[in-house]
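The primary structure of each chain is shown beneath.
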Amino acid sequence: MRRSTLRAAAALGAGAVLLATAACAPPEREQDAASSDAAAATSAEDLGGMDALVEAAEAEGELNVIALPPDWANYGAIIEAFEAEYDITVNSDQPDAASQDEIDTAKRLAGGDRAPDVFDLGQAVALANTDMFAPYQVATWDTIPDAFKEPTGLWVNDYGGNMSIGYDSAKVPAPTAVADLLEPEYRGAVALNGDPTQAGAAFAGVVMASLGSGGSADDLAPGVELFRQLKAAGNFLPVDPTPATIASGQTPVVIDWDYLNAAQTAQLPTWEVVVPAGAVTASYYHQAINADAPHPAAARLWQEFLFSDEGQNLWLAGGARPVRAEAMVEAGTIDEEAWSALPAVEGEPVLLTPEQSDAGAQQLASTWAQAVS
Amino acid sequence: MRRAGAGRAGLLAAAGLLPFAAVVVLFLLIPTVVVVVGALSDDGRPSLSGLTAFGDPTVLRAFARSTWLSASTAAIGAVVGALVAYAVATGAPDGVLRRVVTSACGVLAQFGGVTLAFAFIATLGVSGVVTLWLRDALGVDVFANGVWLFDMPGLVLVYTFFQVPLMVIVFLPALDGVRPQWREATVTLGGSTWQYWRHVGGPLLAPAFGGSALLLFANAMSAYATAAALVSQGAPIVPLQIRAALTSEVLLGRADLGQTLALGMVVVVVAVMVAQALLQRRTSRWVAGSAR
């Protein structure tokens, strides 16, 4: 519905009222001794081993997760597998919410039984809120590369992927480099998954475009320039791509994470995914436990499950790259079929540091809108 | 106001106003105060630091685009809507034309938001029915120079779709107030059609026309959902900038900027509505007088 300013303002006001109400301390939930032990545990050993952790978690009986879409990186199957393995009910709240919503919800519901136990966050939001996380080291901690975890276990990268170009091979020729998209064959065809000043995936898309046009992780201007040229050539399609726009052929080329693009091949067999050579940028999500989790033991058991071989292979089956992939390849525990099905990558992926992300975001804030509209 | 039966009856009458007053306070007054206070404070202390956002070129461009979008769709809506309203007003008072047009306008003026955006995507989108038909049957590619539907030109087209019917609804009563006798009087005194419109009809209708156009301007300025569903890149207009400030997962902690932008919109809309109210007062003076 179209809203008047005043009504839009009303929404803001209502939000403020909600926040104000939330600020009044809700009734403190009762915690038994086992739960308070679990809330302080930084590893399964602290509770007396895995069996004790399972016992404490099953005693809690519930786990609150948030912002986990069932069709995103295979989360639907992961939740089912966890529920099948343990006597725990998973309450999945707001599956389509964004990272910031996870934090906002945790603050709003703090102290209540419905607050999220665990988070799965994008880098910017995760690093800005580490004071809300409980440190925890899973049993497989040593096989997670150091670059992908906070040293005390406040957060651990869980899965990620590379930026990619998905395209309908029945409609457009196969691109090999980002600059190929400027060709006339791609007129009105190239979509980016979101606005890069708002969505993490789109931001990484601009990073990829920069790397492929002579820029670097420190300078995104060439990427913005490429999109400006795409726009000027009439190739840029300012449509938010969804599985529906891909299936119906409205968005023949989509710049998005490879695991999200790869998932589209199931419904559109001619949908191919390419990670352009020399423009590889990767990003991993951040897994963390809510320090104020209403089910602290279940939250920790969920971590153990996600970082076990089984949990990691489930993400892989969804097209995402699990963080322990290399160790699992060495140990021979990886799902070979799913691993070899991932799009080929040439060159080392570029991972942006938090400082580079911040600087890049500021750069886009002042240049993006003018480049594409 | 008559003072007879004051006291009890007056109290009762005032009590009847309570629900309305409560709604106004809850959904109009409090939110406005929250926005104004939020925009003019920093960490709970009064501060004008938030207003520096109005020096940001991106913000200024968004306001310029919003103003341009509102002004152009208000102008198109006002002219086209006034012509339609004139056609209806000069037709039979109980005719089919009038009944069809007024009820259609009543529906279409409220047919905004996500529904309207998707209606246009389905008809004029990249694989829309009309787009494909034009291309296959007539060989016309409407998007030959780029896909403009999801950008400012698209917003102008889509906004016009609800601006025209709104104009018909708000301008029709003023046209109905025009007496045929005035026309006859002009003709009797030897006036031409041009002179009638120049000296009688035009001046009488001008305040109503201007007031309606301002209402259309405010309507377009504050529209959000239509643009939100249609435009996904660049946040070209202010309401979309506010969305970006509140929901971005790339640029964090910009809720303050959202409040500042909202304050800017409140100021623009208040100015427009005050002007509209002044014009409306002039209109109602002669409409009420002529009703005798």
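Coordinates for the structure precede this section.
Reference entry: report on the structure contained in this document. (Residues numbered from 1 in each chain as written. Chains lettered and ligands numbered in written order. Predicted model: local features only at pLDDT ≥ 70, side-chain atom pairs only at ≥ 80, totals over all residues. Heavy atoms only, no water.)

1. Here we look at the overall build of chain B
Each helix and strand in chain B was counted, giving 11 helices and 2 strands. From first element to last, N terminus to C terminus, chain B shows the α and β order α-β-β-α-α-α-α-α-α-α-α-α-α. Overall, chain B is about 75 × 70 × 35 Å in size when its C-alpha atoms are taken along their principal axes. Within the span of chain B, comprising 292 residues, buried residues form 42% of the whole. The contacts of chain B with a sequence gap of at least 6 include a subset with a gap of at least 24, amounting to 71%. Summed over all atoms, the accessible surface of chain B reaches about 15,100 Å², with 70% contributed by carbon and sulfur. Placing the 18 positive and 11 negative side-chain charges of chain B at their respective mean positions leaves the two points 18 Å apart. (Helix = DSSP H or I, 4+ residues; strand = E, 2+ residues; numbered from the N terminus. Buried < 20%, exposed > 50% of the residue type's maximum accessible area, 1.4 Å probe, protein only. Contact = heavy atoms within 4.5 Å. Areas by Shrake-Rupley, 256 points an atom, 1.4 Å probe, with all protein chains shown as cover. Lys, Arg positive; Asp, Glu negative; His and termini not counted. Charge placed at Lys NZ, Arg CZ, Asp CG, Glu CD.)

2. What to know about helix 6 (residues 152-176) of chain B
All names here are of chain B. Between its first and last C-alpha atoms helix 6 spans 35 Å; for 25 residues at 1.5 Å apiece the expected length is 36 Å, and the two agree. The sharpest bend along helix 6 measures roughly 35 degrees and falls at Val170, with the proline Pro173 sitting one to four residues further on. For helix 6, the buried fraction is high: 18 of the 25 residues fall into the buried class. (Expected span 1.5 Å × (residues − 1). Bend = angle between axes of the 7 residues up to and from the residue.)

3. Notes on the pairing of strand 5 (residues 156-168) of chain A
Residues and elements named next belong to chain A. The buried fraction of strand 5 amounts to 13 of the 13 residues, a majority that puts the element mostly inside the structure. Bridging between strand 5 and strand 9 (residues 282-290) involves 5 bridges; their strand directions are antiparallel. Bridging from a neighbouring strand, Val156 pairs with Gln287 of strand 9. Two strands pair when backbone bridges link them, and strand 5 and strand 10 (residues 321-322) are joined in this way by 2 bridges, in the antiparallel orientation. Within the sheet, the bridge partner assigned to Tyr159 lies in strand 10 and is Pro322. (Pairing = 2+ DSSP bridges.)

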